[in-house]
Structure formats: structure tokens, C-alpha cells
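Here is how the chains run, residue by residue.
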Amino acid sequence: MFGSLFDSKNHKLVRKWEEEHKEIVALALKVIDAYDANDEKTAKQALKDLKSLAVDHVMDEDLKLFNLMKEESGKIDEKTQVMVEDFIAGFKHTKVALINFLAKYASPGVPLNAEFYITFKELADILSQRISFEEANLYSKLSGDQS
């Protein structure tokens, strides 16, 4: 069903995104660990790195998934097309909230307080769910793995 559609370019794209997911998770854990250790300087730097990577990643991913859907319209089964469209639309609000949150707290002079910590952990959980969904549902189709 997807054989001719997904070539080595898509395998590379999936690998790139999976590596970025690992970096995003590592940075989120670094923020939490630094916060727990009262090391605001390290937490702020990890937040800045996370902001940069997360913004680039979600924009790149959403754009490329959207473009793929446009390019391959009619070649992708309807169920997969609906799943990708729902996925992109469903994360839109959370993506904006995440980007705004990271921009706010990565800024100098904005303290990392209890409100930050609670919200950050909630956003990290949402991101973890998105990553799991992507890798289990979308990436397998992109890489041509039909399991």
C-alpha cells in the first residue's frame, strides 16, 4: 500500500525525527533534574536548548507531514490520511502553548518556580504521548514498516 510512496528519503526523515525525539526527552529530563537540584543555570540552559530543538522539530515535522499529504493525495489510504490530519490539528493548541511556555521560561529574569515545574511536567507528559503516537502510528507508515 505504501511501498512506492515511501523511499529511503522517508527512512532518513524518520530516523532524524526519532533522534530528535531522544534529544527532546533527554533535555526535558535534564531540566527536571536541574530544577530538582536547585541548579537554575543548568535548567535554563537546557530549557533554551529544548526550546530551539522543539520549535524546529514540530515545525519541520508538521510541515513535512502536511506536504506529504498534499503531494500524495489519492495515493494514501483514507484511514492514514485522516489520522495524519487529526494528529496535526489535534496538537496545534498544545504546540502553541508549548512554544509560548518555553519562550517565557527560557528568558533571563523569569524564575523557575513551582508553577513552572508543574506545567513543565504536564507538557512533558503530553509530548511523551505525542512522541509515542507518532512513532507507533505515523513513523511506521512513513518508513514503510507495515506492522
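Computed from a predicted structure; not experimentally measured.

**As for the packing of aromatic side chains**
At step 1: Applying the stated criterion to the full structure yields seven aromatic pairs.
At step 2: Centroid distance F101 to Y105: 4.8 Å. Interplanar angle 50°. Geometry classified as tilted. In this pair, F101 and Y105 both sit in helix α3 (residues 78-106), four residues apart, roughly one turn of the helix.
At step 3: Residue classification places F101 among the buried positions, given a relative accessible area of 9%.
At step 4: Look at Y105 and you get buried, because its relative accessible area is 4%.
At step 5: With a centroid separation of 5.6 Å and an interplanar angle of 5°, the aromatic rings of F101 and F116 are classed as stacked. With F101 in helix α3 and F116 in helix α4 (residues 114-142), this pair connects stretches of sequence that are 15 residues apart. The pair F101 / F116 is uniform in exposure class, with both members buried.
At step 6: An aromatic cluster of at least three residues, connected via ring pairs, comprises Y35, F101, Y105, F116, Y117 and F120.

**Here's the deal with unusual backbone geometry**
At step 1: Phi is positive for N38, close to 55°, though the residue is something other than glycine.
At step 2: Among the structural elements, N38 can be located in the loop between α1 (8-36) and α2 (40-71).
At step 3: We classify N38 as exposed; its relative accessible area is 72%.

**Some remarks on the pattern of salt bridges**
At step 1: For the structure shown, the criterion picks out five salt bridges.
At step 2: Two residues, E20 and K16, come together in a salt bridge whose shortest N-O distance is 3.1 Å. Note that E20 and K16 are positioned in helix α1 at a spacing of four residues, about one turn of the helix.
At step 3: The class of E20 is buried, set by a relative accessible area of 12%.
At step 4: Using a relative accessible area of 37% as the deciding quantity, one classes K16 as partly exposed.
At step 5: Note that E134 is salt-bridged to R130, the shortest N-O span being 2.6 Å. Of the two residues, E134 and R130 are both situated in helix α4; the distance of four residues between them amounts to about one turn of the helix.
At step 6: Accessibility expressed as a relative area gives 1% for E134, which makes it buried.
At step 7: R130 sits in the buried class, given a relative accessible area of 6%.
At step 8: Among the charged side chains, a network of salt bridges with common partners joins K16, E20 and D60.

What counts and what doesn't
- Residues numbered from 1 in each chain as written.
- Predicted model: local features only at pLDDT ≥ 70, side-chain atom pairs only at ≥ 80, totals over all residues.
- Heavy atoms only, no water.
- Phe/Tyr/Trp six-rings, centres within 6.5 Å; stacked < 30°, edge-to-face > 60°.
- Helix = DSSP H or I, 4+ residues; strand = E, 2+ residues; numbered from the N terminus.
- Buried < 20%, exposed > 50% of the residue type's maximum accessible area, 1.4 Å probe, protein only.
- Salt bridge = Lys/Arg side-chain N within 4 Å of Asp/Glu carboxyl O.

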